[in-house]
Amino acid sequence: MAIDGLRSTKGQILVCVTRSADHFPDCSKDPDKRHFIVPAKGGTVTLGQAMPGTYAIAIIHDENGNGKLDTFAGIPREGVGFSRNPVIRFGAPSFRSSSFAISGAPVEQAIRLKYFL
């Protein structure tokens, strides 16, 4: 997975990979989630092997390192990004608009972070 559009190298990147529409974009309560915390730097992050299926990825640029997405009046104060880079209007995109299939061959996702404040 390639991360593009970081506005700083402060904090960390929280990556959540899920197969469950019910647990997207916050997959913290998904028992089958894959969660990664990586340094805030651009470039490529390897997520390892995954079973075949349909997945979606949500990313938070946790600039202050508190382990969660900070908001102001419901608007993210930190960068967010999703697999397939769907248009973000009001609220997070749907699992369907962010999902992609894994069938055994390596899959690459280039995720562009967006900042609203």
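This text gives an overview of the structure that appears in the document. All values derive from a computational prediction rather than experimental measurement.

### A word on the pattern of salt bridges
Turning to step 1, where the next piece is worked out: This structure, assessed with the given rule, holds 1 salt bridge.
Turning to step 2, where the next piece is worked out: One salt bridge connects arginine 7 with glutamate 63, and the closest N-O pair in it is separated by 2.9 Å. With arginine 7 in the loop between β1 (2-4) and β2 (12-18) and glutamate 63 in the loop between β5 (53-62) and β6 (71-72), the pair connects residues that are 56 residues apart, well separated along the chain.
Turning to step 3, where the next piece is worked out: Arginine 7 gets classed as partly exposed once you look at its relative accessible area, which sits at 43%.

### Considering the packing of aromatic side chains
A ring pair, where both rings are aromatic, is described by two values, the distance of the centres and the angle of the planes.
Turning to step 1, where the next piece is worked out: As enumerated under the stated definition, the model contains 2 aromatic pairs in all.
Turning to step 2, where the next piece is worked out: Judged by centre distance (6.0 Å) and plane angle (65 degrees), the ring pair of phenylalanine 24 and phenylalanine 82 falls under edge-to-face. Highlighted residues: phenylalanine 24 in the loop between β2 and β3 (34-39) and phenylalanine 82 in strand β8 (residues 79-82), separated in sequence by 58 residues. In this pair, the class of phenylalanine 24 matches that of phenylalanine 82, namely buried.
Turning to step 3, where the next piece is worked out: With a centroid separation of 5.9 Å and 80 degrees between ring planes, the pair formed by phenylalanine 24 and phenylalanine 95 is classed as edge-to-face. Of this pair, phenylalanine 24 sits in the loop between β2 and β3 while phenylalanine 95 sits in helix α1 (residues 95-98), placing them 71 residues apart in sequence.
Turning to step 4, where the next piece is worked out: The class of phenylalanine 95 is buried, set by a relative accessible area of 14%.

### Observations regarding the nonpolar core
Turning to step 1, where the next piece is worked out: Judged by nonpolar contacts, the single largest core of 16 residues is most densely connected at Met1, Ile3, Ile13, Val15, Leu47, Ile57 and Ile59.
Turning to step 2, where the next piece is worked out: Listing elements by their share of this core, those giving two or more residues are β2, β5 and β9 (100-102).
Turning to step 3, where the next piece is worked out: Residues in contact with isoleucine 3, not counting those within four places in the same chain, are Ile13, Gly42, Gly43, Val45, Ile59, Ile111 and Leu113.
Turning to step 4, where the next piece is worked out: Judged by nonpolar contacts, the second largest core, of 7 residues, contains Phe24, Ala56, Val80 and Ile88.

### Topic: the pairing of β2
Turning to step 1, where the next piece is worked out: In terms of residue burial, β2 counts as a mostly covered element, since 6 of its 7 residues are buried.
Turning to step 2, where the next piece is worked out: Pairing of β2 with β3 involves 6 bridges; the strand directions are antiparallel. Residue valine 15 lies in a different strand from β3, and its bridge partner there is phenylalanine 36.

Rules of the game
Residues numbered from 1 in each chain as written. Predicted model: local features only at pLDDT ≥ 70, side-chain atom pairs only at ≥ 80, totals over all residues. Heavy atoms only, no water. Salt bridge = Lys/Arg side-chain N within 4 Å of Asp/Glu carboxyl O. Helix = DSSP H or I, 4+ residues; strand = E, 2+ residues; numbered from the N terminus. Buried < 20%, exposed > 50% of the residue type's maximum accessible area, 1.4 Å probe, protein only. Phe/Tyr/Trp six-rings, centres within 6.5 Å; stacked < 30°, edge-to-face > 60°. Core = buried A, V, L, I, M, F, W, Y, C linked by side-chain atoms within 4.5 Å. Contact = heavy atoms within 4.5 Å. Pairing = 2+ DSSP bridges.

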